[in-house]
Every structure is written in C-alpha cells, then in structure tokens.
Amino acid sequence: MIRIVGLSGNVKAPSRTAALTSALLSEAARGLAAEVRHISLVDAAPILFRALRADQLDKNGLEIIETVENADALIVSSPVYRASYTGALKHLFDLVDYRALTGVPVILAATGGRASHGLMPDQQLRPLMAFFKALPLPTSVYAVESDFSDYGVESEALNERIAEAGAELRAALTQPAASLRRKLTEPTFARRIA
Ligand SMILES: Cc1cc2nc3c(=O)[nH]c(=O)nc-3n(C[C@H](O)[C@H](O)[C@H](O)COP(=O)(O)O)c2cc1C
C-alpha cells in the first residue's frame, strides 16, 4: 500500500491551505491503492512544540514525525506567512531525520493573500525539499482567496493545476522518472517567429 501524506502548515481552522491539501491528496491518490493521511499543523503543532529537538518527542509527536518519515509521497502545503511558509511547518521539518526523505516525490503548494507571493512554493519550499534530497515535482500549486468558496476549492484554473500536480505525483510513484518529461506538441516560440 502506497502511503501518501499531506502536510498543511495552516495554524487556524477552517483553512484554505487544508482544503487545497485535501484536494491534492484526493487527486494524487486517484486510482492508486494508497493510504492517505492529512496532518494539519493547527492540530500537530501543539504536540510537536512540546519538543524542541527530536529526542524530546513524546509518543504522539513521534507518531506524527514517523508518519512523515515513512511516507512514499508527500504534499507539502502552507499559507504564506511573511513571504514564506509558517514557522509551525518548519518546526515539523526540524524534527524529521535529514536522511528520511531522499527521493520522496513531493507536491509543493501554498495559499496566500496576494498573487505576487505566488513563487513562495518554488522559492521557499523547494529549497527545503532540496535539503532533504526529496523530489519536488515540476508543478507547484498556488492559490489565493478568490480561488475558494466557503473554504472549498472553486476556480477552474486551480482545479486544473491540482489535476496536473496530482498526475505528476501518480507518475512519479508508478512510472520511471523519464515519464515526467513532457514533449512539446506545438512549435516553440522561436520556431513560430522564424
Ligand atoms: C501572520 C500572517 C502573515 C501573512 N503573510 C502573508 C504574506 O506575506 N503574503 C501573502 O500573500 N499573504 C500573507 N498572509 C495571508 C495568508 O497567507 C492567506 O490568508 C492564507 O490563504 C491563509 O491560509 P489558511 O486559510 O490556510 O490559514 C498572511 C497571513 C497572516 C495571518
């Protein structure tokens, strides 16, 4: 059974980030024999902050960290806070063994208040995953308030991006890495001009 774990860095509920992670989890697991687990930092952070180091984790904290360390695939998602991911999400990753996520495919995602912070997943979450030698997938997902309705994913553009990211994760889990390569079906811009 493939274990897909969604991590939402939200520190409040209800949460658009958690809604986005749920949608990504459903899409990523579609058609797979997968066990899906969703961890929201609003619930996990009070447990994890009882430990400042991994050797201080209690039973509940250890269970959360080991769930992340044993995942076959991750969705790492956060609200943008101060142009980055939340401190609560960073604390979780500070407790994860640095060797545990090598080669693990990861969908990067975020929600924010402003479109101009749309590169947060690529500029902040991607380097964090690079530290772990994980395999962040090509399509990151970013959403703003207008993409949601009543804390549910609403916009067509966002649903398309979720589908794209989900397909990449399924491909990473089931096919060789070469299958991530997408060949252009149209002429490149350079060719079109020539
Ligand atoms: C402390 C704090 C800092 C924030 N900083 C940013 C920011 O730098 N850029 C941005 O686009 N939105 C920022 N926001 C807005 C949140 O990212 C946005 O409302 C997000 O969708 C909330 O997600 P949630 O519903 O999962 O909590 C901030 C919100 C808070 C509370």
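Everything numeric in this text was worked out from a predicted model, so none of it was measured.

Trainee: Give a description of the overall build of the chain that names residues and reports values.
Mentor: Helix and strand counts for the chain come out as seven helices and eight strands. Relative to the compact-globule value of 16 Å for 194 residues, the chain shows a C-alpha radius of gyration of 17 Å, a close match. Overall, the chain is about 65 × 35 × 30 Å in size when its C-alpha atoms are taken along their principal axes. If you take every contact in the chain between residues at least 6 apart in sequence, the share linking residues at least 24 apart comes to 78%.

Trainee: Quick one: what's the story with the site of the ligand, residue by residue and with numbers?
Mentor: Neighbouring the ligand are 15 residues, the closest being Ser 15, Thr 17, Pro 79, Gly 112 and Gly 113. Of all elements in the fold, only α1 (16-29) and β4 (105-112) reach the threshold of two or more residues within the shell around the ligand. A per-class count over the shell around the ligand returns four nonpolar, seven polar and four charged.

Trainee: Now, about unusual backbone geometry: what can you tell me, with residues and values included?
Mentor: A cis amide bond links Ala 13 to the next residue, Pro 14, at an omega of 0°. With respect to the secondary-structure elements, Pro 14 resides in the loop between β1 (2-8) and α1. Of note, Lys 133 is a non-glycine position whose phi angle comes to about 60°, a positive value. Note that Lys 133 resides in the loop between α5 (120-131) and β5 (135-136).

Trainee: So, the packing of α1 against helix α6 (residues 156-174): which residues are in play, and what are the values?
Mentor: Packing of α1 against α6 brings their axes to within 8 Å, and their N-to-C directions diverge by 45°. For the element pair α1 / α6, the angle class is oblique. Handedness of the α1/α6 crossing: right-handed. Between α1 and α6, the residues in contact are Ala 23, Leu 24, Glu 27 and Ala 28 and Ile 162, Ala 163, Ala 165, Gly 166, Leu 169 and Arg 170, respectively. Classifying every residue of the contact of α1 with α6 gives seven nonpolar, one polar and two charged.

Trainee: With reference to specific residues and values, describe helix α4 (residues 87-95).
Mentor: Ala 88, Leu 89, Leu 92, Phe 93 and Leu 95 are the residues of α4 that are buried. Viewed end-on, α4 has its buried residues packed into an arc of 160°, placing them on one side of the element. Next to the buried residues of α4 lie β1, α2 (41-48), α3 (59-69), β3 (73-79) and α5.

Trainee: How would you summarise the environment of Val 96 if you had to cite specific residues and measurements?
Mentor: Relative to the elements of secondary structure, Val 96 occurs in the loop between α4 and β4. Sequence-distant contacts of Val 96, defined by excluding residues within four places in its chain, comprise Ile 65, Val 68, Glu 69 and Leu 101.

Trainee: How would you summarise the pairing of β3 if you had to cite specific residues and measurements?
Mentor: Among the seven residues of β3, seven are classified as buried, and the element is accordingly described as predominantly covered. Burial along β3 is two-sided: Ala 73, Ile 75, Ser 77 and Pro 79 facing one way and Leu 74, Val 76 and Ser 78 facing the other are all buried. Here β1 runs beside β3; their pairing, made up of five bridges, is parallel. Paired with Ile 4 across the two strands is Ala 73, which belongs to β3. Here β3 pairs with β4 via six bridges, running parallel. For Val 76, the partnering residue across the bridge sits in β4 and is Leu 108. Once you follow β3 into α4 and on to β4, the crossover reads as right-handed.

Calculation notes
- Each chain has its residues counted from 1, running along the sequence as written.
- Local features in this predicted model are restricted to residues whose pLDDT is 70 or higher, and side-chain atom pairs enter the listing and the counts only when it is 80 or higher, whereas totals over whole chains, interfaces and linings include all residues.
- Here a helix means four or more residues in a row that DSSP labels H or I, a strand means two or more in a row labelled E, and each is numbered from the N terminus.
- Throughout, radius of gyration means the C-alpha value; the globule benchmark is 2.2 Å times the number of residues raised to the power 0.38.
- Residue pairs are scored as contacts if the distance between their C-beta atoms, which are placed from the backbone, is within 7 Å.
- Nearness here is judged by the C-beta atom: place it from the backbone, and if it falls within 6 Å of a molecule or strand, the residue counts as near that partner.
- Note that Gly is not counted as nonpolar here; it falls among the polar residues with everything else outside the nonpolar set of Ala, Val, Leu, Ile, Met, Phe, Trp, Tyr, Cys and Pro and the charged set of Asp, Glu, Lys and Arg.
- Every angle, taken between N-to-C directions, lies between 0 and 180 degrees, and every axis is a line fitted to C-alpha atoms, over only the stretch in contact when it is a helix.
- Each angle receives one of four descriptions, namely roughly parallel if under 35 degrees, roughly antiparallel if over 145, roughly perpendicular if within 65 to 115, and oblique otherwise.
- A clockwise turn of the near helix away from the far one marks a right-handed crossing, whereas an anticlockwise turn of less than a right angle marks a left-handed crossing.
- Once C-beta atoms are placed from the backbone, each residue is buried if 20 or more other C-beta atoms lie within 10 Å of its own, exposed if 12 or fewer, and partly exposed for counts between those two.
- Regarding the arc, it is the one traced by the directions from the helix axis to the C-beta atoms.
- Strands are labelled as partners when DSSP assigns at least two bridges between them.
- Call a crossover right-handed when, viewed with both strands pointing away from you, the route from the first strand across the helix to the second goes clockwise.

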